[in-house]
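Spelled out from the first residue to the last, the chains are:
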Amino acid sequence: LVANLLGGAADQTHRCTNEPDTVPLLALLQLSPGKMQPSFSAKTTTYKMQVPHQVTMIHIEAFAAHCHSEARMDHKKGVNRPANWTLNVGENLIRVLVVSTEHSEPWVMNTYSLYVTREALTDNEPDFDENQPHEVCSYPQDCDLRVYQGKPCGARRHSPLPWNTFLSEQNQLPVCSNGSSPGRWVLPCEHCNLQKNCFWRKAVWLPLKCRYPAV
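Residues numbered from 1 in each chain as written. Predicted model: local features only at pLDDT ≥ 70, side-chain atom pairs only at ≥ 80, totals over all residues. Heavy atoms only, no water.

Some thoughts on the packing of aromatic side chains
Next, step 1: Under the counting rule described, the total for this entry stands at six aromatic pairs.
Next, step 2: The structure contains a cluster of three or more aromatic residues connected by ring pairs, namely Phe40, Tyr47 and Tyr112. (Phe/Tyr/Trp six-rings, centres within 6.5 Å; stacked < 30°, edge-to-face > 60°.)

Concerning the pattern of salt bridges
Side chains that carry opposite charge are capable of pairing whenever their charged atoms lie near each other.
Next, step 1: As enumerated under the stated definition, the model contains five salt bridges in all.
Next, step 2: Measuring nitrogen to oxygen at the nearest pair gives 3.4 Å for the salt bridge that ties glutamate 105 to lysine 77. Remark: lysine 77 occurs in the loop between β5 (69-73) and β6 (83-86) and glutamate 105 occurs in the loop between β7 (90-100) and β8 (107-118); sequence separation between them is 28 residues.
Next, step 3: Glutamate 105 gets classed as partly exposed once you look at its relative accessible area, which sits at 37%.
Next, step 4: Assessed through its relative accessible area of 52%, lysine 77 is described here as exposed.
Next, step 5: Between glutamate 125 and arginine 201 there is a salt bridge whose closest N-O contact spans 3.5 Å. With glutamate 125 in the loop between β8 and β9 (135-138) and arginine 201 in the loop between β11 (183-189) and β12 (204-207), the pair connects residues that are 76 residues apart, well separated along the chain.
Next, step 6: Owing to a relative accessible area of 14%, glutamate 125 belongs among the buried residues under this scheme. (Salt bridge = Lys/Arg side-chain N within 4 Å of Asp/Glu carboxyl O. Helix = DSSP H or I, 4+ residues; strand = E, 2+ residues; numbered from the N terminus. Buried < 20%, exposed > 50% of the residue type's maximum accessible area, 1.4 Å probe, protein only.)

Considering the sheet that holds β5
Next, step 1: Taken in spatial order, the four strands make up an open sheet running β3-β8-β7-β5, and their pairing is mixed. The open sheet has two edge strands with one neighbour each: β3 (46-51) and β5. Taken pair by pair, the neighbouring strands of this sheet meet at an average axis angle of 25°, ignoring direction.
Next, step 2: As judged from the six bridges shared by β3 and β8, these two strands associate in the parallel manner. Across the sheet, residue tyrosine 47 finds its bridge partner in β8, namely leucine 114. (Pairing = 2+ DSSP bridges. Axes fitted to C-alpha atoms, helices over the stretch in contact; angles between N-to-C directions.)

A few points about the state of the cysteines
Working definition: the covalent bond between the sulfur atoms of two cysteines is a disulfide.
Next, step 1: One pass over the structure, following the stated rule, counts five disulfides.
Next, step 2: Between the sulfur atoms of cysteine 176 and its disulfide mate cysteine 210 the distance is 1.9 Å. Looking along the S-S bond of the cysteine 176-cysteine 210 disulfide, the torsion reads about 95°, which is the right-handed sense. Placement of cysteine 176 in the loop between α1 (163-170) and β11 and of cysteine 210 in the segment after β12 is noted, with a sequence separation of 34 residues between them.
Next, step 3: Among the residues examined, cysteine 210 registers a relative accessible area of 11% and is labelled buried.
Next, step 4: Across a sulfur-sulfur distance of 2.0 Å, cysteine 189 and cysteine 198 are joined as a disulfide pair. Across the S-S bond linking cysteine 189 and cysteine 198, the dihedral sits near 100°, which makes this disulfide right-handed. (Disulfide = S-S within 2.5 Å.)

Comments concerning the confidence of the model for the protein
Next, step 1: In the predicted model, the protein carries a mean pLDDT of 88, and 93% of its residues have values of at least 70.
Next, step 2: When pLDDT is averaged over each helix and strand of the protein, the minimum, 48, is found for strand β1 (residues 5-6) and the maximum, 97, for β3.
Next, step 3: Predicted confidence for residues 1-5 stays below pLDDT 50, and this span has 24 contacts to residues more than four positions away or in other chains.
Next, step 4: Here residues 7-12 is a poorly scored stretch, pLDDT under 50, and it has eleven contacts once near neighbours within four places are set aside; other chains count. (pLDDT = per-residue confidence, 0-100. Contact = heavy atoms within 4.5 Å.)

And the structure:
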């Protein structure tokens, strides 16, 4: 018999068994991209994985060992088909449930917990050297999570001035009359076209034609 598959190619098949002790077990659990720790073992139910910030989604593939069990995502009535999971920054808990289908309602026999940590932009960021002539870059929106279609995305060169000079000139602008003045996110980068060389801890929201007073 062919086991029910969660994730994986449509033409991929896996053999199941009718051995009673396999009812609560998975025969396969894979996440991509990335590598789970520890490596998959049917009787190990907790796994961890860390992915770079650029990874916003992972693909989950799993199938149950027993012919009358299914691997389902997050809930006993969850999907039993190829699944992608969107990642937030930080720790994400993903559950794969093994359910028995021999009853009128699915019975949860086991739960596999996957803790996937997506790094923040500031993780592993080097110390900022104020003596270096960093470029001034604006960041209208994330290219992988666009909000405004047709608008620019990613870090883009905003001013020909070096970062420190740009901030000094911003401080000479008149004080804003209200707190809703149009503005943009700006941050220093070694080069605006290389996002990994930007210093995200230094990112600030600045109005276009005025400044907010320092508190």
